[in-house]
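Commentary on secondary and tertiary structure
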Amino acid sequence: MPQTNPFHSMVPRKMTDSELARAIRLDMEAELDAINLYAAHFEATDNEEAKAILQHVMDEEREHAALFWELIARLDPAQAEHIKVMSEKYRLIVSGASHEAVEAVGEGGERRVAPEPGLDKRLTVGSLRR
């Protein structure tokens, strides 16, 4: 498994919260990759001892990913706002609400998610629907 150089994104100073959130996203990516790798090993064996260890280690990685997600939300206010808005959008989507109702979440009475400072607005598939 290729390993990410832990110093590839180091800066010669302390990182800002925004920079740290970016770095933690890479850490989270590694945790998710590990979960998938262990799950593949778990599914590829009938050895119950190995499965018990793999399950335990996989659960630890899930905990790490969840902790990183919480940290990212605290370091990146725009991400935290997206999490709040997306919880409501998720509820509407799974309940069968219209596309318009889903997309209205975050508009009007609720605060719309602000773009991350310094990022240009880019076209996305969703933005082309309008």
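1. Thoughts on the environment of Glu-88
Inspection of the secondary structure puts Glu-88 in helix H3 (residues 77-94). For Glu-88, a relative accessible area of 25% corresponds to the partly exposed category.

2. A short note on helix H1 (residues 17-43)
Taking 1.5 Å per residue, 27 residues should reach 39 Å; H1 reaches 38 Å between its end C-alpha atoms and fits that length. All of the buried residues along H1 are Glu-19, Ala-21, Ala-23, Ile-24, Met-28, Glu-31, Ala-34, Ile-35 and Ala-39.

3. Here's the deal with the packing of H1 against helix H2 (residues 48-75)
Direction vectors running N to C along H1 and H2 enclose 160 degrees, while the axes themselves pass 9 Å from each other. Accordingly, the angle class assigned to the pair H1 and H2 is roughly antiparallel. For the pair H1 and H2, the crossing hand works out as left-handed. By residue class, the composition of the contact of H1 with H2 is 19 nonpolar, 3 polar and 7 charged.

4. Observations regarding the pattern of salt bridges
According to the stated counting rule, one finds 7 salt bridges in the structure shown. Across the salt bridge formed by Arg-25 and Asp-76, the nearest N and O atoms sit 2.8 Å from each other. Of this pair, Arg-25 sits in helix H1 while Asp-76 sits in the loop between H2 and H3, and the two are 51 residues apart along the sequence. The closest approach of N and O atoms between Asp-59 and Arg-62, which form a salt bridge, is 3.0 Å. Here Asp-59 and its partner Arg-62 are both found in helix H2, 3 residues apart, which amounts to about one turn of the helix. A relative accessible area of 36% places Asp-59 in the partly exposed class.

So, how was this worked out
- Residues numbered from 1 in each chain as written.
- Predicted model: local features only at pLDDT ≥ 70, side-chain atom pairs only at ≥ 80, totals over all residues.
- Heavy atoms only, no water.
- Helix = DSSP H or I, 4+ residues; strand = E, 2+ residues; numbered from the N terminus.
- Buried < 20%, exposed > 50% of the residue type's maximum accessible area, 1.4 Å probe, protein only.
- Expected span 1.5 Å × (residues − 1).
- Axes fitted to C-alpha atoms, helices over the stretch in contact; angles between N-to-C directions.
- Parallel < 35°, antiparallel > 145°, perpendicular 65-115°, else oblique.
- Left-handed = near helix turned anticlockwise from the far one by under 90°.
- Nonpolar A, V, L, I, M, F, W, Y, C, P; charged D, E, K, R; others polar.
- Salt bridge = Lys/Arg side-chain N within 4 Å of Asp/Glu carboxyl O.

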